[in-house]
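# Structure at a glance
The residues making up each chain are set out below.
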Amino acid sequence: MSSAVNAPSIPKISPLAGLPAPKDMLVDVARLDCDYFERRPDLDDPNQMVIFGTSGHRGTSLDGTFTEAHILAITQAICDYRRANGPDGPLYLGKDTHAISGPAERTALEVLAANGVDTIIQPNNGFTPVPVISRAILAYNRGRQTHLADGIAVTPSHNPPADGGFKYNPPHGGPAGTDVTQWVENRANELLREKNTGVKRVPFASALGSTTTHQQDYILPYVRDLRNVIDMDAIRDARLKLAVDPLGGASEPYWAPINDEYKLHIAVVGEKIDPTFSFMTVDRDGVIRMDCSSPYAMARLVGLKDNYRVAFGNDPDSDRHGIVTPSAGLMNPNHYLAVAIRYLLPHRSPWPERAAVGKTVVSSSLIDKVVQSLRRRLFEVPVGFKWFVPGLFDGSCCFGGEESAGASFLRRDGTVWTTDKDGLIMDLLAAEITARTGKDPGEHYTELTARFGTPLYTRVDAPATPEQKARLRDLMPEAVRASTLAGEPIVAKLTRAAGDNGPIGGLKVVTASGWFAARPSGTEEIYKIYAESFKDQAHLNAILSEAEEIVNGVLHASKGRV
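This brings us to the nonpolar core. Membership of the largest hydrophobic core comes to 72 residues, with the highest contact counts inside it found for Tyr 222, Leu 226, Ile 230, Ile 258, Phe 399, Phe 409 and Leu 429. The biggest single contributor to this core is helix 11 (residues 333–347), with 9 residues. The contacts of Ile 258, once residues within four sequence positions are left out, are Val 223, Leu 226, Met 232, Lys 263, Leu 264 and Leu 424. Counting residues in hydrophobic clusters, the runner-up holds 40 residues, among them Ala 108, Ala 176, Val 184 and Leu 191.

Two numbers describe how helix 2 (residues 68–85) lies on helix 3 (residues 101–114): the axes approach to 9 Å, and their chain directions differ by 40°. Between helix 2 and helix 3, the interaxial angle falls into the category oblique. Of the two elements, helix 2 crosses helix 3, and the hand of that crossing is right-handed. Two secondary-structure elements touch here, helix 2 through Glu 68, Ile 71, Leu 72, Thr 75, Gln 76 and Cys 79 and helix 3 through Ala 104, Thr 107, Ala 108, Val 111 and Leu 112. When the residues that make up the contact of helix 2 with helix 3 are grouped by side-chain class, the tally is 7 nonpolar, 3 polar and 1 charged.

Right, let's get into the confidence of the model for the protein. Per-chain confidence: the protein averages 94 in pLDDT, with 96% of residues scoring 70 or above. Between residues 1–7, whose pLDDT stays under 50, and residues either more than four places distant or in other chains, the model counts 13 contacts. pLDDT under 50 marks residues 558–562. Its contacts with residues more than four places away, or in other chains, come to 10 contacts.

All chains considered together, the criterion is met by 13 aromatic pairs. Each ring, one from Tyr 36 and one from Phe 37, has its centre 4.9 Å from the other, and the planes form 85°; the classification is edge-to-face. The interplanar angle of 35° and the centroid separation of 5.8 Å between the aromatic rings of Trp 255 and Phe 312 together place this pair among those described as tilted. Taken together, the residues span a long stretch of sequence, with Trp 255 in helix 9 (residues 252–262) and Phe 312 in strand 10 (residues 310–314) at a distance of 57 residues. Across the pair, exposure class does not vary: Trp 255 and Phe 312 are buried alike. Joined through ring pairs, the aromatic side chains of Tyr 36, Phe 37 and Phe 66 make up one cluster. The ring of Tyr 140 carries Arg 144 above its face, with NZ or CZ at 3.9 Å from the centroid. Sitting above the plane of the Tyr 308 ring, Lys 241 keeps its charged end 5.4 Å from the centroid.

Attention now moves to the environment of Leu 220. Among the secondary structure elements, Leu 220 is positioned in helix 7 (residues 219–225). The exposure class of Leu 220 is partly exposed, given its relative accessible area of 31%. Taking the C-alpha atoms as reference, Leu 220 lies 39 Å from Asp 24; in sequence the two are 196 residues apart.

So, on to the sheet that holds strand 16 (residues 406–409). Strand order in the open sheet made by the 4 strands is 14-13-15-16, with mixed pairing throughout. Strands with a single pairing partner mark the edges of an open sheet, and in this sheet they are strand 14 (378–381) and strand 16. In this sheet, adjacent strand axes meet at a mean angle of 15° when their direction is disregarded. As judged from the 4 bridges shared by strand 13 (residues 356–360) and strand 14, these two strands associate in the parallel manner. Looking at the pairing, Lys 359 lines up with Glu 380 of strand 14. Against the sheet, helix 11 touches strand 13, strand 15 (397–402) and strand 16, its axis set at about 170° to strand 15.

On to the sheet that holds strand 9 (residues 266–268), then. Pairing in this open sheet of 5 strands is mixed, and the strands run 9-8-10-11-12 from one edge to the other. Bordering the open sheet on either side are strand 9 and strand 12 (329–330), each of which pairs with just one other strand. Bridging between strand 8 (residues 242–245) and strand 10 involves 4 bridges; their strand directions are parallel. Bridging across to strand 10, Asp 245 finds its partner in Gly 313.

A separate point is the environment of Glu 443. Structurally, the position occupied by Glu 443 is in helix 15 (residues 441–452). With a relative accessible area of 30%, Glu 443 lands in the partly exposed category. Taking the C-alpha atoms as reference points, Glu 443 and Leu 220, separated by 223 residues in sequence, lie 33 Å from one another. With residues near it in sequence (within four places) discarded, Glu 443 still touches Arg 309, Ser 327 and Gly 438.

Side chains that are three or four residues apart share a direction in an α-helix, a result of its 3.6 residues per turn. Every buried residue belonging to helix 12 (residues 365–373) is among Ser 365, Leu 366, Ile 367, Val 370 and Val 371, and all of these are buried. A side-chain oxygen of the first residue of helix 12 lies 3.0 Å from the backbone nitrogen of Leu 366; this N-cap is Ser 364. Within two residues after helix 12, Arg 375 carries a phi angle of roughly 60°, on the positive side.

Most peptide bonds take the trans form, and the phi angle of most residues other than glycine is negative. Even without being a glycine, Arg 375 presents a positive backbone phi close to 60°. Along the polypeptide, Arg 375 turns up in the loop between helix 12 and strand 14. Unlike most non-glycine residues, Ala 486 shows phi in positive territory, near 50°. With respect to the helices, strands and loops of the structure, Ala 486 is situated in the loop between strand 18 (484–485) and strand 19 (488–489).

Moving on to the side chain of Arg 82. Tracing the backbone through its elements, the reader meets Arg 82 in helix 2. Given a relative accessible area of 7%, Arg 82 falls into the buried group.

The subject of this paragraph is the pattern of salt bridges. Tallied over the entire structure, the rule returns 33 salt bridges. Across the pair Arg 83 and Asp 80 runs a salt bridge, and its minimum N-O distance is 2.7 Å. Within this pair, Arg 83 and its partner Asp 80 are both found in helix 2, separated by 3 residues, close to a single helical turn. When its relative accessible area of 13% is taken as the criterion, Asp 80 is described as buried. Put simply, Asp 237 and Arg 236 hold a salt bridge, and the shortest N to O gap is 3.0 Å. Taking relative accessible area as the criterion, Arg 236 reaches 33% and is therefore assigned partly exposed. In the salt-bridge network here, residues are joined through shared partners; they are Asp 80, Arg 83, Arg 187 and Glu 190.

Reading the values: the criteria
- Residues numbered from 1 in each chain as written.
- Predicted model: local features only at pLDDT ≥ 70, side-chain atom pairs only at ≥ 80, totals over all residues.
- Heavy atoms only, no water.
- Core = buried A, V, L, I, M, F, W, Y, C linked by side-chain atoms within 4.5 Å.
- Buried < 20%, exposed > 50% of the residue type's maximum accessible area, 1.4 Å probe, protein only.
- Helix = DSSP H or I, 4+ residues; strand = E, 2+ residues; numbered from the N terminus.
- Contact = heavy atoms within 4.5 Å.
- Axes fitted to C-alpha atoms, helices over the stretch in contact; angles between N-to-C directions.
- Parallel < 35°, antiparallel > 145°, perpendicular 65-115°, else oblique.
- Left-handed = near helix turned anticlockwise from the far one by under 90°.
- Nonpolar A, V, L, I, M, F, W, Y, C, P; charged D, E, K, R; others polar.
- pLDDT = per-residue confidence, 0-100.
- Phe/Tyr/Trp six-rings, centres within 6.5 Å; stacked < 30°, edge-to-face > 60°.
- Lys NZ or Arg CZ within 6 Å of the ring centre and 35° of its normal.
- Pairing = 2+ DSSP bridges.
- Polar contact = N/O pair within 3.5 Å; in protein donor to acceptor, adjacent residues only side chain to side chain.
- Salt bridge = Lys/Arg side-chain N within 4 Å of Asp/Glu carboxyl O.

Right, here's the structure in full:
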């Protein structure tokens, strides 16, 4: 391979990984706040414009990518979208515990009130998980054809404490599709270029006291509805010793009501809410990141694994889950998805047999094997939970899961629960599995590997220019001439997902015993290679090595095939 080619590499582990965050690493909340209100985006810098990725607009006030100007423009754009496209019921607004989420929610409310949008917020400046907003939208819209509700979630998910995020969920309750986000992005950037002269706004005190602003409790309606998606009685009757670490996120206020409502004794471990996330252990790369699928970020809970039958965690917006068991420690998200599917399908008899099981193209093939063994239909989609929304909404997809620890599934009666990821029900499902079977999810995974083999899975990153990313994103299967991968014949070269024919935005190459997928990042100047082997580490290494050659041939070729 040419030395000019940037090869993917597994990131080095920081010496701070898994250790408590040092004080000099903590974010300066006062500076974040000041920059949010006072900094103006540089309109000549495309990175400082509104950019809706797979999960809305994200950035930080420290570099001008997430400021009051952005939120004014985006919220006004959403109001304009509503007027042009019909949603005119209540808008469910919620925020997570990131430092900039509070100011951004206040800005959004000022614009929503000025535009006469009926807006629902949690009382007392409270926090709201993303799945709670999705469920609230769907609950309001059930049986309605007009005056439909939608929502806004102010969150950058598991990203570092300095980050902010802002996402829109239309009346279907899930992440907005590209058609909607492109409309909002274009309109928001038009407003930014006009210095937000087209934004309607009232002072926050007026917005909070407006007749269109309604403070309603999100917590109890969600908690009381959990019995319709999880067998809470089985969990109670099993008297399991359970624990949860909300990682200082929006799910923290939900666990005490869950305990009270269902007579459970789930111990809430860790600190209370702190926007610096000073209680976190440092992630693999030396950054504070509330990633509940990372053993480094979850080190505190992993250290308690032998104290509980099952323990679980969530990220700040609670759409992701992390499952910890004595038998497995922190489970790989792919492994738990496979276990969850294997359990749910036989234990949810009201679910229609025709309903498919959804997974993303970069999720483990162990899921394929489990679904095939249960004689169900697999529905493989591109990366991004938005691809599961139509199927979860109409019940044609009973489960949707992605490799990054996000999933949701139908109610026990086969109707829609949420169309966004729900980390809380995935937590409670681990408890249900253990209560109903007497074995924790880690033990169930061991059974799966005994039957189907042990998958080895990894993801590595490499630098890529915008031009190279575009070339990879627009790749056609014919561009890859290789006929074998790691000594096996290639059986598929995919640039579109098999389930819905949606564009992968990259390439997936499959053999009988392994596969790799390569796709550009939507937010960074890198591309990602995902790979899996059902043989051994040497085979996985060979897949990665040859994947490098194939992808770099595509990225660096001027024309023709590779």
